[in-house]
Protein chains: 2
Amino acid sequence: MHILLTNDDGIDAPGIISLVNVLTPIAKVTVVAPDRERSASGHAITFHKPLRVEEVRLNAEGGGKGWAVNGTPSDCVKLAVKALLSHPPDLIVSGINRGPNLGTDVLYSGTVSAAIEGILFGITSIAVSLATFTEGSFATAAQVTKTLIGQIWDRSLPPHTLLNVNIPPLPRHKLRGIRVARLGFREYKNIFEERRDPRGRVYYWLGGQVVDCAKESEDIDIGAVKKGYVSVTPVHFDLTNYALLKEVKTWGLSL
Amino acid sequence: MHILLTNDDGIDAPGIISLVNVLTPIAKVTVVAPDRERSASGHAITFHKPLRVEEVRLNAEGGGKGWAVNGTPSDCVKLAVKALLSHPPDLIVSGINRGPNLGTDVLYSGTVSAAIEGILFGITSIAVSLATFTEGSFATAAQVTKTLIGQIWDRSLPPHTLLNVNIPPLPRHKLRGIRVARLGFREYKNIFEERRDPRGRVYYWLGGQVVDCAKESEDIDIGAVKKGYVSVTPVHFDLTNYALLKEVKTWGLSL
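Cut-offs and rules
- Residues numbered from 1 in each chain as written.
- Chains lettered and ligands numbered in written order.
- Predicted model: local features only at pLDDT ≥ 70, side-chain atom pairs only at ≥ 80, totals over all residues.
- Helix = DSSP H or I, 4+ residues; strand = E, 2+ residues; numbered from the N terminus.
- Rg over C-alpha atoms; globule rule 2.2 N^0.38 Å.
- Buried ≥ 20, exposed ≤ 12 C-beta atoms within 10 Å, placed from the backbone.
- Contact = placed C-beta atoms within 7 Å.
- Nonpolar A, V, L, I, M, F, W, Y, C, P; charged D, E, K, R; others polar.
- Least-squares fit on C-alpha atoms with pLDDT ≥ 70 in both.
- Pairing = 2+ DSSP bridges.
- Axes fitted to C-alpha atoms, helices over the stretch in contact; angles between N-to-C directions.
- Parallel < 35°, antiparallel > 145°, perpendicular 65-115°, else oblique.
- Left-handed = near helix turned anticlockwise from the far one by under 90°.

**Student:** Teacher, can you tell me more about the overall build of chain A here?
**Tutor:** Along its length, chain A carries 6 helices and 13 strands. The C-alpha radius of gyration of chain A comes to 19 Å, within 12% of the 18 Å expected for a compact globule of 255 residues. In terms of its C-alpha atoms, chain A occupies a principal-axis envelope of roughly 55 × 55 × 50 Å. Here chain A holds 255 residues, and the buried ones make up 53% of them. Taking contacts inside chain A between residues at least 6 apart in sequence as the whole, the part at least 24 apart equals 75%.

What follows is the structure, given as structure tokens:
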């Protein structure tokens, strides 16, 4: 099996290195990742400047090399599949992201976008996130990822399959299991902090705190992770609202 | 009615100015848009630097002012709704984009992402694109947009409603009507052009040509626009693949 690894935290990030460490013994692993952090880059792609690729030494246990790209996670997958690799990989794993990619936040996620790019090429893809910005073991998360890959790979996966995986920052023995869950809705409060620079001009920092929604069940990714489960959500790239499609057809819109 | 306008081509782009021209007589119009072109920015948001807002004179018929933001289209909507406006707008119109936003390409679209940002706030939003990179009249496209807004506004719209509108680059009398259509699949060939710089180092330009898929019907946005119809697609923000959700639950994944 040939696995392509990418991320949005950059090629030096501990999350991707932990995947290299656990996957190299079981598969051929290729790393093509941004040369620096590209978090919250969404599904951005780079049209306005050329892309450069540099071969770099990985900070992994067994050494090895990877390709650092001066672009977004989506650029990395496009470039790997269409320019760098002689054959498409069997699987793309994007991550392990530092921080959760849950609910509507997946829309902003470079990690998930890289995996969407993979399924647009018809390659099974997994996006993996460690649901914490502070403490948490990437080594444990990488072991969980390896376990999941083993179980998924035995299935006859439909084409264009993407699984979005979020792992709570708990020791292995405290993880309660896996919940297959739909995406929830993440709401933020205090989204902007307004400040003044030394010359008195206003500027804004984007931030905000998640609005805690106590009623979220384990059937929703946010609730599952909160309760100590690894959430697994199948994601697709079709944003059509089919329910509304039927309704809008009855409106008789005309020019 | 209070309409917020934004785009990804920048606040000086003819597409957004044409909307200011046709909508100012029928509504209160506020413009909050990127200070420069931010095409293909996807749903990127700006965390790593503060956002600045500058009041600028619009190049519109009736003059007027707008806010230019050093961020992405999504940043503009967030900033408008959560920091600049005292009340949320009744409607957000994103565009008119120079170039189509059809099928899977909506994933990369800053124009559509701004509208998704709007519906995340529960504000009805419309993304509008003129489906050409060369000739085509933004004035005609703006008239079409105005007509659509009038018809949509009479409906009791469900919350979180987004309509993605693509207008063929035809004179008004050659537009064949409106088709409510689902998103298609856009495939590209020759995605990268490999070149060498004067020092012999390789670099890549992202490009590619759309693979023409003759069989696309009018029920798909790509086919509808190709046949001269204005395509209208309801879009939502839930990327959960519900069909696969059921199946993955039967897999018995475990740690």
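**Student:** Mind showing me how you'd approach unusual backbone geometry here?
**Tutor:** Residues apart from glycine generally show negative phi values, whereas peptide bonds are mostly found in trans. All names here are of chain A. The omega torsion across Gly95 and Ile96 is -5 degrees, close enough to zero to call that bond cis. Turning to its location among the elements, Ile96 is positioned in strand 5 (residues 91-98). For Asn190, which is not glycine, the phi torsion reads 50 degrees and is therefore positive.

**Student:** What am I meant to see in the interface of chain A and chain B here?
**Tutor:** When the parts of a complex come together, some accessible area is lost, and that lost area is often used as the size of the interface. Of the residues lining the interface, 63 residues belong to chain A; the matching set on chain B comes to 63 residues. Breaking the side of chain A that touches chain B down by element, the ones donating at least two residues are helix 2 (73-84), helix 3 (110-120), helix 4 (138-153), strand 8 (177-180), strand 10 (192-196), strand 11 (202-206), strand 13 (229-235) and helix 6 (242-249) of chain A. Class assignment for the residues of the side of chain A that touches chain B results in 38 nonpolar, 16 polar and 9 charged.

**Student:** Sorry, what's going on with helix 3 (residues 110-120) of chain B here?
**Tutor:** Turn by turn, an α-helix covers 3.6 residues, leaving residues three or four places apart pointing in a common direction. All names here are of chain B. Among the 11 residues that make up helix 3, 11 are buried, leaving the element largely enclosed by the rest of the structure. Taken together, the buried positions of helix 3 are Gly110, Thr111, Val112, Ser113, Ala114, Ala115, Ile116, Glu117, Gly118, Ile119 and Leu120. Gly122 lies just past helix 3 and shows a positive phi near 80 degrees.

**Student:** Could you clarify how one ought to interpret the relation of the copies chain A and chain B in this entry?
**Tutor:** What connects the two chain copies is a rotation about an axis and a shift along it. Overlay of chain A on chain B (RMSD 0.0 Å): rotation 180 degrees, translation along the axis 0.0 Å. Such values leave the two copies arranged in the relation of a two-fold axis. A symmetric contact is evident, with 100% of the interface residues of chain A recurring at the interface of chain B.

**Student:** Would you explain the sheet that holds strand 13 (residues 229-235) of chain B in this entry?
**Tutor:** In a beta sheet, neighbouring strands are held together by backbone hydrogen bonds and run either parallel or antiparallel to one another. Pairing within the open sheet is mixed, and its 9 strands lie in the order 3-4-2-1-5-6-7-13-8 (chain B). This sheet does not close on itself; its edge strands, each paired only once, are strand 3 (53-57) and strand 8 (177-180) of chain B. Averaged over all neighbouring strand pairs, the angle between strand axes comes to 25 degrees, with direction disregarded. By the bridge criterion, 5 bridges tie strand 5 (residues 91-98) of chain B to strand 6 (residues 125-130) of chain B in an arrangement that is parallel. Each residue of the ladder has a partner; that of Asn97(B), found in strand 6 of chain B, is Ser129(B). Across the face of the sheet, helix 6 of chain A comes into contact with strand 8 and strand 13 of chain B while running at roughly 135 degrees to strand 13 of chain B. Contacting strand 1 (2-6), strand 2 (28-34), strand 3, strand 4 (65-69) and strand 5 of chain B, helix 2 (residues 73-84) of chain B crosses the sheet at an angle of about 130 degrees to strand 2 of chain B.

**Student:** How do you make sense of the environment of Ile45(B) when you look at a structure like this?
**Tutor:** Structurally, the position occupied by Ile45(B) is in the loop between strand 2 and strand 3. C-beta crowding within 10 Å serves as the criterion here: with 23 such atoms nearby, Ile45(B) is assigned to the buried category. Sequence-wise, Ile45(B) and Trp205(B) are 160 residues apart; in three dimensions their C-alpha atoms are separated by 24 Å. Setting aside residues up to four positions removed in sequence, Ile45(B) forms contacts with Ala40(A), Tyr108(A), Leu206(A), Thr72(B), Ser74(B) and Asp75(B).

**Student:** When you look at the sheet that holds strand 8 of chain A in this model, what are you seeing that I'm missing?
**Tutor:** Read from one edge to the other, the open sheet built from 9 strands follows the order 3-4-2-1-5-6-7-13-8 (chain A), with strand pairing classed as mixed. Bordering the open sheet on either side are strand 3 (53-57) and strand 8 of chain A, each of which pairs with just one other strand. Sheet twist, expressed as the mean angle between neighbouring strand axes with direction ignored, is 25 degrees. Along the sheet, helix 6 (residues 242-249) of chain B contacts strand 8 and strand 13 of chain A; its crossing angle with strand 13 of chain A, the most-contacted strand, is approximately 135 degrees.

**Student:** Whenever I open this one, the pairing of strand 2 of chain B confuses me. Can you help?
**Tutor:** Regular strands place their side chains on alternate faces of the sheet. All names here are of chain B. Among the 7 residues of strand 2, 6 are classified as buried, and the element is accordingly described as predominantly covered. Bridge analysis of strand 1 against strand 2 gives 4 bridges, and the strand direction is parallel. The residue of strand 2 that forms the bridge with His2 is Lys28. By the bridge criterion, 3 bridges tie strand 2 to strand 4 in an arrangement that is parallel. Within the sheet, the bridge partner assigned to Ala33 lies in strand 4 and is Ala68.

**Student:** I keep staring at the packing of helix 2 of chain A against helix 3 of chain A and nothing clicks. Help me out?
**Tutor:** How two helices pack is summed up by the angle between their axes together with the distance between the axes. Residues and elements named next belong to chain A. The contact between helix 2 and helix 3 brings their axes to 8 Å, and the two run at 25 degrees. Considering the angle they form, helix 2 stands roughly parallel to helix 3. Crossing of helix 2 against helix 3: the hand is right-handed. For the pair formed by helix 2 and helix 3, the contact residues are Pro73, Ser74, Cys76, Val77 and Lys78 on the first element and Gly110, Thr111, Ser113, Ala114, Glu117 and Gly118 on the second. Split into classes, the residues belonging to the contact of helix 2 with helix 3 amount to 4 nonpolar, 5 polar and 2 charged.

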